[in-house]
Amino acid sequence: MLGLFAVIFSSQPLPAKAEDANCQAFPQTGFSICGRFLSYWRANGGLEQQGLPVSPVFEEKNAPTPAGDGQVHKVQYFERGRFEFHPENAAPYDVLLGLLGKSEYMSKYQYIKLMEQPQTDDCRLFPETGKTVCGRFLAYWNNHGGLVQQGLPLTGVFEEMNPPMPLGDGQWHLVQYFERARFEYHPENTAPYDVLLGLMGRNQVGMKYGGLFPPTVAYPPDTQAAKQPAPVNTQGTTPDSEELQFLTLLNNYRQANGRSALAFDARLYASAGWMAKDMATHNYISHTDSTGRGVIARIHAFGYPGQWVGENIAGHYETAEGNLEVWQSDQVHIDNMLQASYTHAGVARYYYANSLNKWYWVLDMGS
């Protein structure tokens, strides 16, 4: 399995504005739901279907087609979904669910042929995607909003390990991905709780923002290239040949696109190296590490004080060239690597034979 994610941050917050004063506070997470988002939440399954709010309302740019529409919207994340405000649409279509299932599926499995399990009981074929939904998953799909809430199936049923707490239970489950959700089978629970929705909203929040809200996401990159920075003292750091090659390839790529080269930073290298090993030895792909830290907290913990920080992560490829090519195939990773605000970088890889992806890469950047 190959996994890859990217994230860009500014620690300067963007003010969140409620649609109106009709709000409900949730002390469990410290966030409120207001206005049209609140009425949509209540009318579409509430806590069971959407989960608790895990962010305020803020502006976010969607992934490009087919994982999103590539536009900026007011959004709010919930444990199991992301609401988007579309004022150009008449109610009730002024609130739409983000395509979190499609986005996560493409990030993890776009280049991988999944080992799907055969299904025979009570099935429905969806010719739009060529996938079948069967049994308890089909019953859940039919009884919980169908196409509007769950979307079309993107995969068959296969086994997947959840990320560790707090983004999941760290266990293996039979799952199936849909455009807006991931179904998990929990035979240890009695019906109807034997089918649960994965915590995709919480997972996306951890991967993108590390729990720091509301963020400002840099799209498009600044067109003003930064001046060439001075290298940071690298005493005590030992990048291997592929790591050094990656930084060379990255800087060539940046300069070919009108961006300045990034200077090596020992603190970013230490952060990236720690994260690559943590993902490998704990067998996960996420910007939230096994201790619960997000990108900003981890990079700052390694002594890098930059206001702008960003990270690409991936699993599977051994070489610098192969890893760069897969990041160059995705617009979010391209935007991150070509972010003009960055001045320094550290890239590290780690191999662990007992992990699912074997090789893990982390690119940390900042200014």
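See above for the structure.
Residues numbered from 1 in each chain as written. Predicted model: local features only at pLDDT ≥ 70, side-chain atom pairs only at ≥ 80, totals over all residues. Heavy atoms only, no water.

Caption draft 1: The arrangement of the overall build of the chain in detail. The helix and strand tally for the chain stands at 11 helices and 17 strands. The proportion of buried residues among the 367 residues of the chain is 52%. Only carbon and sulfur atoms are counted for the fraction: they give 53% of the accessible area of the chain, which is about 15800 Å². (Helix = DSSP H or I, 4+ residues; strand = E, 2+ residues; numbered from the N terminus. Buried < 20%, exposed > 50% of the residue type's maximum accessible area, 1.4 Å probe, protein only. Areas by Shrake-Rupley, 256 points an atom, 1.4 Å probe, with all protein chains shown as cover.)

Caption draft 2: Region of interest: the packing of helix 7 (residues 241-256) against helix 10 (residues 320-327). Following both chains from N to C, one finds helix 7 and helix 10 inclined at 40°, their axes separated by 8 Å at the closest point. It follows from the interaxial angle that helix 7 and helix 10 lie oblique. The handedness of the crossing between helix 7 and helix 10 is right-handed. Residues Glu242, Gln245, Phe246 and Leu249 of helix 7 touch helix 10, and the partners they reach there are Ala320, Glu321, Asn323, Leu324 and Trp327. (Axes fitted to C-alpha atoms, helices over the stretch in contact; angles between N-to-C directions. Parallel < 35°, antiparallel > 145°, perpendicular 65-115°, else oblique. Left-handed = near helix turned anticlockwise from the far one by under 90°. Contact = heavy atoms within 4.5 Å.)

Caption draft 3: The arrangement of the packing of aromatic side chains in detail. Applying the stated criterion across every chain yields a total of 15 aromatic pairs. With 5.7 Å between their ring centres and 85° between their planes, Phe137 and Phe183 make a pair best called edge-to-face. One end of the pair, Phe137, is in helix 4 (residues 135-143); the other, Phe183, is in strand 12 (residues 182-185), and 46 residues separate them in sequence. The residues Phe137 and Phe183 share a single accessibility class, namely buried. (Phe/Tyr/Trp six-rings, centres within 6.5 Å; stacked < 30°, edge-to-face > 60°.)

Caption draft 4: A look at the nonpolar core. Residues Phe246, Leu250, Met279, Trp327, Met337, Val362 and Leu363 are the most contacted members of the largest nonpolar core, which totals 34 residues. Looking at this core, the elements with two or more residues in it are helix 7, helix 8 (266-282), strand 15 (308-315), helix 10, helix 11 (331-337), strand 16 (344-351) and strand 17 (359-366). It is helix 8 that provides the largest number of residues to this core, a total of seven residues. (Core = buried A, V, L, I, M, F, W, Y, C linked by side-chain atoms within 4.5 Å.)

Caption draft 5: Region of interest: the sheet that holds strand 6 (residues 81-85). With antiparallel pairing, four strands are arranged side by side in an open sheet as 4-5-6-7. Each edge of the sheet is formed by a strand with only one pairing partner; in this case those strands are strand 4 (58-61) and strand 7 (95-97). Neighbour-to-neighbour, the strand axes of the sheet open up by a mean angle of 45°, direction not taken into account. Summarising the sheet, strand 4 and strand 5 (residues 72-78) pair through four bridges and their orientation is antiparallel. Each bridged residue has a counterpart across the sheet, and for Glu60 the counterpart in strand 5 is His73. Lying over the sheet, helix 1 (residues 35-43) contacts strand 5, strand 6 and strand 7, oriented at roughly 135° with respect to strand 6. (Pairing = 2+ DSSP bridges.)

Caption draft 6: Seen up close, the state of the cysteines. Tallying each qualifying case throughout the model produces two disulfides. The side chain of Cys23 participates in a disulfide bridge whose partner is Cys34; the two sulfur atoms lie 2.0 Å from each other. Handedness of the Cys23-Cys34 disulfide follows from its S-S torsion of about 110°: it is right-handed. Taken together, the positions of Cys23 in strand 2 (residues 23-26) and Cys34 in strand 3 (residues 31-34) put the pair 11 residues apart, joining distant regions of the chain. Cys23 sits in the partly exposed class, given a relative accessible area of 37%. (Disulfide = S-S within 2.5 Å.)

Caption draft 7: The pattern of salt bridges, seen in detail. For the structure shown, the criterion picks out 15 salt bridges. Here Asp265 makes a salt bridge to Arg267, at a shortest N to O gap of 2.9 Å. Here Arg267 falls in the partly exposed class, since its relative accessible area comes to 27%. (Salt bridge = Lys/Arg side-chain N within 4 Å of Asp/Glu carboxyl O.)

Caption draft 8: The arrangement of the side chain of Arg254 in detail. By the secondary structure assignment, Arg254 is in helix 7. Here the side chain of Arg254 touches Met337 through a polar contact of 2.7 Å, landing on its backbone oxygen. If near-sequence neighbours (up to four positions away) are discounted, Arg254 is found in contact with Arg259, Ser260, Leu262, Met337, Leu338, Gln339, Ala340 and Tyr342. (Polar contact = N/O pair within 3.5 Å; in protein donor to acceptor, adjacent residues only side chain to side chain.)

Caption draft 9: Spotlight on helix 10. Most of helix 10 is tucked away: six of the eight residues are buried. Within the sequence span of helix 10, burial applies to Ala320, Gly322, Asn323, Leu324, Val326 and Trp327.

Caption draft 10: Spatial organisation of the pairing of strand 11 (residues 172-177). Taken together, the four bridges between strand 10 (residues 158-161) and strand 11 define a ladder with antiparallel strand orientation. Bridge pairing in strand 11 places Glu159 opposite Leu174. The pairing of strand 11 with strand 12 spans four bridges and is classified as antiparallel. Bridge pairing in strand 12 places Leu174 opposite Tyr185.

Caption draft 11: Summary view of the pairing of strand 5. Taking burial as the measure, the seven residues of strand 5 include five buried ones, the bulk of the element. Pairing between strand 5 and strand 6: five bridges, direction antiparallel. Opposite Lys74, over in strand 6, you have Phe85 as the bridge partner. Connecting strand 5 to the antiparallel partner strand 6 that follows it, the hairpin turn spans two residues.

Just geometry here; none of it tells us what the structure is for.
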